[in-house]
Amino acid sequence: MTSATPTEEDAQTIARTVVAERLAAGAEVTGPAMSVFWHNDELGEGQEWRVTLKTSAVVRDRLAARILELHPWAGSSEITASPVEWAMDRYADWVEKFTAAKE
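Residues numbered from 1 in each chain as written. Predicted model: local features only at pLDDT ≥ 70, side-chain atom pairs only at ≥ 80, totals over all residues. Heavy atoms only, no water.

### Focus: the overall build of the chain
Stage number 1. Helix and strand counts for the chain come out as 3 helices and 3 strands.
Stage number 2. Of the regular secondary structure in the chain, the N- to C-terminal order runs β-α-β-β-α-α.
Stage number 3. Principal-axis analysis of the C-alpha atoms places the extent of the chain at approximately 45 × 30 × 20 Å.
Stage number 4. Looking at the chain as a whole, 29% of its 103 residues are labelled buried.
Stage number 5. In the chain, once contacts between residues fewer than 6 apart in sequence are set aside, the share between residues at least 24 apart is 70%. (Helix = DSSP H or I, 4+ residues; strand = E, 2+ residues; numbered from the N terminus. Buried < 20%, exposed > 50% of the residue type's maximum accessible area, 1.4 Å probe, protein only. Contact = heavy atoms within 4.5 Å.)

### With respect to the nonpolar core
Stage number 1. The biggest cluster of nonpolar side chains holds 14 residues, and the ones touching the most others in it are Met1, Val18, Leu23, Val51, Leu53, Leu63 and Ile67.
Stage number 2. Only α1 (8–20), β3 (42–54) and α2 (60–70) provide two or more residues apiece to this core.
Stage number 3. Looking at this core, the element that brings in the most residues is α1, giving 4 residues.
Stage number 4. Aside from chain neighbours lying at most four places away, what touches methionine 1 is Val51, Thr52, Leu53, Arg60, Leu63, Ala64, Ile67, Ile79, Thr80 and Ala81. (Core = buried A, V, L, I, M, F, W, Y, C linked by side-chain atoms within 4.5 Å.)

### Some points on the pairing of strand β1 (residues 2–5)
Stage number 1. Residues of β1 alternate between two faces, with Thr2 and Ala4 on one and Ser3 and Thr5 on the opposite face, all of them buried.
Stage number 2. Examined bridge by bridge, β1 and β3 share 4 bridges and lie antiparallel to one another. Residue threonine 5 lies in a different strand from β3, and its bridge partner there is tryptophan 49. (Pairing = 2+ DSSP bridges.)

### Concerning the packing of α1 against α2
Stage number 1. Running from N to C, α1 and α2 cross one another at 140 degrees; their axes reach a closest spacing of 10 Å. In terms of orientation, α1 lies oblique with respect to α2. As for how α1 packs across α2, the hand of that crossing is right-handed. For the pair α1 and α2, the contacting residues are Ile14, Thr17 and Val18 in the first and Leu63, Arg66, Ile67 and Leu70 in the second.
Stage number 2. A breakdown of the residues in the contact of α1 with α2 according to their chemical character gives 5 nonpolar, 1 polar and 1 charged. (Axes fitted to C-alpha atoms, helices over the stretch in contact; angles between N-to-C directions. Parallel < 35°, antiparallel > 145°, perpendicular 65-115°, else oblique. Left-handed = near helix turned anticlockwise from the far one by under 90°. Nonpolar A, V, L, I, M, F, W, Y, C, P; charged D, E, K, R; others polar.)

### Points about the pattern of salt bridges
Stage number 1. Summed over all chains, the structure comprises 5 salt bridges.
Stage number 2. Among the salt bridges present, the one from arginine 66 reaches glutamate 21, with a minimum N-O distance of 2.9 Å. Here arginine 66 is found in helix α2, whereas its partner glutamate 21 is found in the loop between α1 and β2 (26–39), with 45 residues between them in sequence.
Stage number 3. A salt bridge links arginine 60 to aspartate 61, with the nearest nitrogen and oxygen atoms 3.5 Å apart.
Stage number 4. The class of aspartate 61 is exposed, set by a relative accessible area of 56%.
Stage number 5. One salt-bridge network, held together by shared partners, links Glu21, Arg66 and Glu69. (Salt bridge = Lys/Arg side-chain N within 4 Å of Asp/Glu carboxyl O.)

### What about the environment of glycine 31?
Stage number 1. Mapping glycine 31 onto the fold places it in strand β2.
Stage number 2. The spacing of glycine 31 and proline 6 is 25 residues in sequence and 10 Å in space, taken between C-alpha atoms.
Stage number 3. Excluding residues within four positions of it along the chain, glycine 31 makes contact with Glu48 and Trp49.

In structure tokens, the structure reads:
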């Protein structure tokens, strides 16, 4: 799952929080990236930081909800995910083990 934030600190906060809460087994923060976008019917430009989260299908929806709670762009937060077609068993087991969030 990925999301983009306006600052490195925002991305790090999301990464640290959701990994600590076991909604993601790990996270990567990258950036800055130059972004061109539409916002409030105006063309804009700015820097963004990407947070990439390693998670499982079991907690995917809870992770997305938690990102929305933490994200500074209320209402227009980018949250996307791509299914993993293949992964080594040991890696998949690691993700599953550390996203077994306690209810």
